[in-house]
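Residues per chain are reported as follows:
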Amino acid sequence: MRWSNALINTVRETPKEAETISHRLMIRAGMILKVGSGIYDFLPLGWRVIKKITNIIREEMDASGAQELLMPVLSPSELWQETGRWQLYGKEMMRLKDRHDKEWGLGPTHEEVITDIVRRQINSYKQLPVNLYQIQIKFRDEIRPRFGIMRAREFMMKDAYSFDRDEEGALKSYNNMFEAYKRICRRIGFNYRPVEADSGAIGGSSSAEFMVLADTGEETIIYCGKCEYAANVEKAAAIVEAKGGNAGEELQKVHTPDIRTVEELAAFVKMAPEDTAKTIFYIADNKFTAAMMRGDREINEIKLKNALGAPEIRLASAEEIKEKTGAPVGFAGPVGIKDKGIKLVIDNTVAVMPSMVCGGNEKDYHYTGVKRGRDFEEDMTADIARAEEGDSCPKCGGKVKAQKGIEVGHVFYLGDKYSKAMNAVFLDEQGKTKEFVMGCYGIGVTRIAAASIEQNHDENGIIWPMAIAPYEAAVVPVSIKYKEGYDYCVELYEKLKAAGVDVILDDRDISPGVKFKDADLVGFPLRVVVGEKNFKDGRVEVKMRKEKDFQLLDKDAVFERVREIVEEGKNKLKS
Ligand code: ATP
Ligand code: MG
């Protein structure tokens, strides 16, 4: 491509609405353009990156034995009703009515549609296993679309679904996908970690997320410094060191005016935060429920929800708390909670506190010296603490660390959840009908582009890994008016193109400073600069975007060298 013909509009100003580096740089490099909240155009440069990502994913999916197909974006409400997800999906699913008033969903994911295909197409164990995938647009009406294409409302996903005759086969399919995702992440050049997202009954982990490590990530990963343990903080087991709990032996009501936070409370009663216990109120499965956590720690609501086996939990409102406990928010505690008909769950850390400071069930009052067993009784003890750096690893006892990550992929063992609901069956060897055992596997194609920038940039712009760069090399004549140099550039450009290198020729008649700035911003991995002074000595600059210094090469050696670097860069991460 000649730059003069290309639609590449770089932007110097930092876009105001962009909070993350990748969002800012994608806009500034002219890769994406906002159409509406969470909805973007992919401009030619951006689309080239997406196509490269897609190619890698497609190659690895095909290599794993999966077959590509394409399902429609629109699917009829009836299919979703079969699994109950027409209701359950709630507002995240975008819906519309056609001219006959018939309801349709814009696919946020495709389990129902694929299960329908398979129940209509496969009826014998002989046709199994199959793994079917597509690369397609998804719609999700996210509560908070943000960070550009990182959390969009329309985005591209590769979604795959495996169908097996039994659990053993399904686990094999799951592991096969797990390995394929590792290869994909590796080829894209990610610094990543697969983490446990759910510990199911089968084979230890039934769900794993592929996390790209980045400070701007919305997820927190808890991982062990000693062993392989890594989990999403939403699921991470926490072995929290027991400490504190020295709040006196006698139950005493203390006037604590204007106290709002745990820190303020601890300071006021001259104790430590870990001597206090907070009581948080929830509505879990329509039941008023209290959860107690040691003052210095936070509740993990997903763990709480799992511990309660509640399909849905939410925080109780200030009014609900006042009405049920008689005390305003922040002052309701566990003493006498049983008589109010409130279910009480306490965290493991609270269970071992000899005594604690708790809400006094009255505005501006707390109790000190609250003792479990004597002053309150729980219905249940569970690990409901949000894991933190420094906790002990549940596998090996080592210390865990915390790190932010971006979820780019997710592999999930589904079992018969969908096949059962949709009566998707086949005939086994004995001629008996059996439900398919399924897995589903998603990769955020467009999110990958943003995640890659989060890991590969500097103050001047993007530093694309060779494998997904929009162009692998840029040939930049310092001035197109210097004829010998420019002719050389054109020839080099044509030769590289013919040799299969993705190359762009910056043939614009503008200042070299602007050309260099643009090349750095857009982030081509390799740049060839032809300037009059060096060229008169037969030499040409070759510079890697990720390196500070350039090399001066003999002008006749440049073509070979560039080709080598590009090939090497593209293939070195292939296994
Ligand atoms: P998240 O927790 O980030 O909302 P999810 O668990 O809803 O993700 P999945 O349903 O597992 O995501 O979807 C598979 C993949 O699709 C994710 O791993 C992610 O890479 C991508 N993805 C999900 N939601 C979005 C979005 N709103 N914008 C861009 N990519 C997305
Ligand atoms: Mg989501």
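The rules we used
- Residues numbered from 1 in each chain as written.
- Chains lettered and ligands numbered in written order.
- Predicted model: local features only at pLDDT ≥ 70, side-chain atom pairs only at ≥ 80, totals over all residues.
- Heavy atoms only, no water.
- Near = heavy atom within 4 Å.
- Polar contact = N/O pair within 3.5 Å; in protein donor to acceptor, adjacent residues only side chain to side chain.
- Areas by Shrake-Rupley, 256 points an atom, 1.4 Å probe, with all protein chains shown as cover.
- Helix = DSSP H or I, 4+ residues; strand = E, 2+ residues; numbered from the N terminus.
- Nonpolar A, V, L, I, M, F, W, Y, C, P; charged D, E, K, R; others polar.
- Axes fitted to C-alpha atoms, helices over the stretch in contact; angles between N-to-C directions.
- Left-handed = near helix turned anticlockwise from the far one by under 90°.
- Contact = heavy atoms within 4.5 Å.
- Pairing = 2+ DSSP bridges.
- Phe/Tyr/Trp six-rings, centres within 6.5 Å; stacked < 30°, edge-to-face > 60°.
- Buried < 20%, exposed > 50% of the residue type's maximum accessible area, 1.4 Å probe, protein only.
- Lys NZ or Arg CZ within 6 Å of the ring centre and 35° of its normal.
- Domains from an automatic or database assignment.
- Core = buried A, V, L, I, M, F, W, Y, C linked by side-chain atoms within 4.5 Å.
- Salt bridge = Lys/Arg side-chain N within 4 Å of Asp/Glu carboxyl O.

Let's talk about the site of ligand 1
- In the vicinity of ligand 1, 15 residues are found, and the nearest of them are R140, E142, R151, A152 and E407.
- Between ligand 1 and the protein, one listed contact pairs an oxygen atom with a side-chain N or O atom of H410 at 2.9 Å.
- Expressed as a share of its isolated accessible area of 580 Å², the protein-covered part of ligand 1 is 83%.
- For the shell around ligand 1, the elements supplying multiple residues, two or more each, are β8 (154-164) and β21 (400-415).
- Among the elements that line the shell around ligand 1, the one with the most residues is β21, at four residues.
- A class-by-class count of the residues in the shell around ligand 1 yields six nonpolar, three polar and six charged.

Quick word on the packing of helix α2 (residues 44-63) against helix α6 (residues 167-188)
- Interhelical geometry of α2 versus α6 gives an angle of 145 degrees and a closest axis separation of 9 Å. In terms of crossing hand, the pair formed by α2 and α6 is right-handed. Side by side, α2 and α6 meet where I53, I56, I57, E59, E60 and M61 of the first sit next to M177, A180, Y181, R183, I184, R187 and I188 of the second.
- Residue composition of the contact of α2 with α6, grouped by class: nine nonpolar, no polar and four charged.

Observations regarding the pairing of strand β18 (residues 356-359)
- Of the pairings in the sheet, the one linking β18 to strand β19 (residues 365-370) comprises three bridges and is antiparallel in character. Opposite G359, over in β19, you have H366 as the bridge partner.
- Linkage of β18 to β19, two consecutive antiparallel strands, is achieved through a turn of five residues, within which N361 is found at a positive phi near 60 degrees.

What about the packing of aromatic side chains?
- This model, assessed by the stated rule, comprises 12 aromatic pairs.
- Ring centres of W80 and Y89 lie 6.1 Å apart, and the angle between their planes is 90 degrees; this geometry places the pair in the edge-to-face category. The residues W80 and Y89 share a single accessibility class, namely buried.
- Aromatic pair Y192 and F210: ring centres 6.2 Å apart, planes at 25 degrees, arrangement stacked. One end of the pair, Y192, is in strand β9 (residues 192-198); the other, F210, is in strand β10 (residues 207-213), with 18 residues separating them in the sequence. Of the two residues examined, Y192 and F210, each falls in the buried class.
- Among the aromatic residues, ring-to-ring pairing joins F178, Y181, Y192 and F210 into one connected group.
- One Lys or Arg, R95, reaches over the ring of W86 and ends 4.5 Å from the middle of that ring.

Some details on the domain arrangement of the protein
- Segmenting the protein into domains produces domain 1 (14-228 + 401-454), domain 2 (252-382) and domain 3 (471-574).
- Between domain 2 and domain 3, the C-alpha centre-to-centre distance is 65 Å.

Observations concerning the sheet that holds strand β13 (residues 252-255)
- Taken in spatial order, the three strands line up as β13-β19-β18 in an open sheet, and their pairing is antiparallel. In this open sheet, the two edge strands, each paired with only one partner strand, are β13 and β18. In this sheet, adjacent strand axes meet at a mean angle of 30 degrees when their direction is disregarded.
- Strand direction decides the pairing type here: β13 and β19, joined by four bridges, are antiparallel. Its bridge partner lying in β19, H255 is registered against Y365.

Topic: the environment of R297
- Mapped onto the elements of the fold, R297 is located in the loop between β15 (287-294) and α8 (301-308).
- Its relative accessible area of 5% is what places R297 among the buried residues.
- Placed 118 residues apart in sequence, R297 and E179 show a C-alpha to C-alpha distance of 36 Å.
- For R297, the residues in contact, after removing those within four places along its chain, are V240, K278, R386, A387, E388 and D391.
- Here the side chain of R297 touches R386 through a polar contact of 3.0 Å, landing on its backbone oxygen.

Looking at the nonpolar core
- Counting 66 residues, the largest nonpolar core has I53, Y181, F190, V408 and V411 as its most contacted members.
- Residue contributions to this core peak at nine residues, all from α6.
- Residue contributions to this core reach at least three from each of two domains, namely domain 1 (14-228 + 401-454) and domain 3 (471-574).
- The residues touching F190, leaving out its near neighbours within four places in the chain, are C185, V212, V408, I448, A451, S452 and Q455.

Examining the pattern of salt bridges
- Taken as a whole and judged by the stated rule, the model has 51 salt bridges.
- Between E59 and R187 there is a salt bridge; the shortest N-O distance is 2.9 Å. Pair noted here: E59 is in helix α2 and R187 is in helix α6, with a separation of 128 residues, a long-range link.
- Taking the shortest distance from any N to any O, the salt bridge between D520 and R545 comes out at 3.7 Å. Residue D520 is located in helix α14 (residues 512-522), and its partner R545 is located in the loop between β30 (539-544) and β31 (550-554); the two are separated by 25 residues in the primary sequence. Of the two residues examined, D520 and R545, each falls in the buried class.
- Here the salt bridges do not stand alone but share partners, grouping R48, K52, E472, D502, E567 and K570 into one network.

A short note on the pairing of strand β17 (residues 343-347)
- When you tally the buried positions in β17, you get four out of five residues, the bulk of the element.
- Direction of pairing for β15 relative to β17: parallel, over a ladder of four bridges. When the sheet's bridge partners are listed, T289 is paired in β17 with K343.
- As defined by bridge partners, β17 adjoins strand β20 (residues 380-382) across three bridges and the pair is classed as parallel. Bridge assignment links V345 to a residue of β20, and that residue is M380.

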